[in-house]
Each structure stands twice: as structure tokens, then as C-alpha cells.
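Structure at a glance
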Amino acid sequence: MTARGPLIINVYAPALVGNDNRTLAAVHGLERALPGLRLEWRVTERRRLAALPQRDAWLAEEATRGEFPMVCNNDERYPVMISGMQRSEYESPGGRPQLQVHAKLPLDAAVIAAAADVLDSVAKGACAFWGQATPDGASGDIAEQIAPTLEGPPSPPRGLPALKVFEHLRSPEIPYYLGWLNFWSAAAAEAIGFPDPTRDAELLTRARRTASGGWVVQLTDTPLDLENPAHLDALKRAYERFPEIGGRAAP
């Protein structure tokens, strides 16, 4: 891994219901995007790793209980993991519960090259509204755009805008925040007004359409590094362009 830490992926999707196969689809999508990767281990109650010879059946059974437990590759030199967390209606936009799928991967050349495919595949498997992939080094500053301080509202670093907490957004299709790579479903893209051929000409040079009609949009050519003034400016410009993101648009 590099000094920037791992690549962190989060996608937000409708909550798990009944015999939901989206947990399997998200895991399979991650494996397909990184050929040779196998996520066939779990963490036990004693915080030890245990093999999953019947992984798919185990995940399917867990999904019937609304669970997406972590699975990983059991490689300390190249750790990859994915899991999910149910978010209640009280902490989700529009009072609609959500599934948050979280993955962590080493930020090496292979992952950087495949990052757009990884994000697209995980988001497609989860049937996500939106999602993002960002190096861990930049994720902390972005998280502070939402986290309230002891004195009250968020106080973001680096001149980034403050964003509303998730449950205060009017719709689950509206992204909470931006990242290095951004997955926007067709509904999310419509909600934020992307693409506008004139206003989004630069972004479209680093964007691609997904098979489901959404978009993967990359803010910077290399992984987002907020110590780089050009990268910080690119993130700020994107927030200016999309005031709906984070619930900043006037009602």
C-alpha cells in the first residue's frame, strides 16, 4: 500500500429485504473487477479468520436476516474486504432505510487502474442509488464536512462546504458527499442535474456511462490527494457545480 492508505468504497442502496441476492452480487462484482481475487473468509466472534467453503450459501442465509457480514481474502500483505450495514429510516433520507456497502482495498497500481470498474461493479450488484471511492487519506477531511462539532454544525477543513447529515436530505437519490470516483445512478444523476454538456465538459472527459444508465465520474486523473492544491480545487469546483449534493441547494 502507499502512504495514502487504502482505497475506501461506500455505496448506498435500498435496504435488504427477504431473499435478497444483492449481497452476493456485490461480492461477485468486486471479484470480477479484480481477477484472481477470492473473498472466502469471515471474522469469527473471537475476531479470528475462518474459511467459508460454502460462502455464497452462507451470505444468502445471512441476507435473509438483513445482514451483510464482512468477507475478506485472508492476505495480510494485500487485504481486501467488503461488508454491509443497514441504516434505519431514522438515519436515512426521506425516512427510507438503506443498505450501506463498504469495501477497503490496497491503493496500488492494479487497484487504481481497476477502481472505476470496482466501484461500478459493487454499485451495480447492490442496485445502489449512488456511491464513491476515495483514498483513505482524503476520506477523513470529507467526513468532517458532515460530522457536527461540540459547538454545533460541521466545521470542515480546507475551505470545503458543510453538508447536511444524511437523514436531513429529502431523497435517497441525492448523494451525501463527493469522492475521487463517484457512481451516480440514472436517478441520482437526474437529481443533481448531470450531465450538462456545457457546464460539465471537463468532467465528461473523465466520466463513463454505466450499463444501467448511470455514470462513474472521476474528479482527478490520479487518486484524490487534498494536499495537492489542484485536487482540492477540483473537489471544490464539483461542490460548486452540484449544490444538491449534501442538501445545500435552496429549497
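Our structure's up above, just so we're on the same page.
Residues numbered from 1 in each chain as written. Predicted model: local features only at pLDDT ≥ 70, side-chain atom pairs only at ≥ 80, totals over all residues. Heavy atoms only, no water.

**A few points about unusual backbone geometry**
Operational definition: A helix here means a DSSP run of H or I that spans at least four residues, while a strand means a run of E at least two residues long, and both kinds are numbered starting from the N terminus. Exposure is judged per residue with a 1.4 Å probe applied to protein chains only, and the accessible area is read against the type maximum: over 50% gives exposed, under 20% gives buried, and values in between give partly exposed.
That bond from Phe 194 to Pro 195 is cis: its omega, 0°, falls within 30 degrees of zero. Among the secondary structure elements, Pro 195 is positioned in the loop between α5 (186–192) and α6 (201–204). You will see that Arg 47, though not glycine, has its phi angle at about 60°, which is positive. On the secondary structure map, Arg 47 appears in the loop between β2 (41–43) and β3 (49–51). Taking the relative accessible area as the measure of exposure, Arg 47 reaches 72% and is therefore exposed. If you check the backbone angles, Cys 127 has positive phi at about 55° while not being a glycine. By secondary structure assignment, the location of Cys 127 is in the loop between α3 (109–126) and β7 (130–135).

**Considering the pairing of β7**
We count it as follows: We treat two strands as partners when DSSP finds at least two bridges between them.
For β7, the buried fraction is high: 6 of the 6 residues fall into the buried class. As paired strands, strand β1 (residues 7–14) and β7 are joined by 6 bridges and run antiparallel to one another. Each bridged residue has a counterpart across the sheet, and for Asn 10 the counterpart in β7 is Gln 132. As paired strands, β7 and strand β8 (residues 181–184) are joined by 4 bridges and run antiparallel to one another. Across the sheet, the residue bridging to Ala 133 is Leu 181, located in β8.

**Side note on the nonpolar core**
For clarity, the cut-off: Definition used in this section: a nonpolar core is a set of buried Ala, Val, Leu, Ile, Met, Phe, Trp, Tyr and Cys residues joined via side-chain atoms within 4.5 Å. Contacts are residue-level and defined by heavy atoms, with any inter-residue pair within 4.5 Å sufficient.
Core analysis: the biggest nonpolar cluster contains 71 residues, and Leu 30, Ile 82 and Trp 184 have the highest contact counts within it. Ranked by the residues each element gives to this core, the list is headed by α3, at 9 residues. Once residues lying within four places of it in the same chain are set aside, the contact partners of Ile 82 are Ala 26, Val 27, Leu 30, Leu 39, Phe 68, Pro 69, Met 70, Val 71, Val 101, His 102, Ala 103 and Val 122.

**A few points about the side chain of His 231**
Here His 231 shows up in helix α7 (residues 229–241). Since its relative accessible area comes to 8%, His 231 is described here as buried. Setting aside chain neighbours within four positions, we find His 231 in contact with Thr 220, Thr 222, Pro 223, Leu 224 and Asp 225.

**As for the pattern of salt bridges**
Should their charged atoms come close, side chains of opposite charge can pair. Stated formally: Salt bridges are counted wherever a side-chain nitrogen of Lys or Arg sits within 4 Å of a carboxyl oxygen of Asp or Glu.
Scanning the model with the defined rule gives 16 salt bridges in all. Linking Arg 55 and Glu 31 is a salt bridge whose minimum nitrogen-to-oxygen distance equals 2.5 Å. Taken as a pair, Arg 55 in helix α2 (residues 55–63) and Glu 31 in helix α1 (residues 22–33) lie far apart in primary sequence, 24 residues in all. The exposure class of Arg 55 is buried, given its relative accessible area of 4%. Looking at Glu 31, the relative accessible area reads 7%, which means it is buried. With a closest N to O distance of 3.4 Å, Glu 244 and Arg 170 form a salt bridge. Remark: Arg 170 occurs in the loop between α4 (136–143) and β8 and Glu 244 occurs in the segment after α7; sequence separation between them is 74 residues. In the salt-bridge network here, residues are joined through shared partners; they are Glu 31, Arg 38, Glu 40, Arg 55 and Asp 56.

**Describing the environment of Glu 40**
Note on placement: Glu 40 falls in the loop between α1 and β2. A C-alpha to C-alpha distance of 5.2 Å links Glu 40 and Leu 52, two positions 12 residues apart in sequence.

**Points about the packing of aromatic side chains**
For any pair of aromatic rings, the description consists of the separation of the ring centres together with the inter-plane angle of the planes. To be explicit about the condition: Pairs were defined over the aromatic rings of Phe, Tyr and Trp, the Trp ring being its six-membered one, requiring ring centres within 6.5 Å. Orientation was assigned from the angle between planes: stacked under 30 degrees, edge-to-face over 60, tilted for the rest.
In total, this model carries 10 aromatic pairs according to the counting rule given. Pairing Tyr 12 with Tyr 176 gives two aromatic rings, centres 4.8 Å apart and planes at 55°, and the pair type is tilted. Residue Tyr 12 is found in strand β1, and its partner Tyr 176 is found in the loop between α4 and β8; the two are separated by 164 residues along the sequence. No difference in accessibility class separates Tyr 12 from Tyr 176, as the two residues are buried. Summarising the aromatic geometry, the rings of Phe 194 and Trp 215 are spaced 5.3 Å apart at their centres and angled 85° between planes, so their arrangement reads as edge-to-face. Of this pair, Phe 194 sits in the loop between α5 and α6 while Trp 215 sits in strand β10 (residues 215–218), and the two are 21 residues apart along the sequence. Each member of the pair, Phe 194 as well as Trp 215, is classed as buried.

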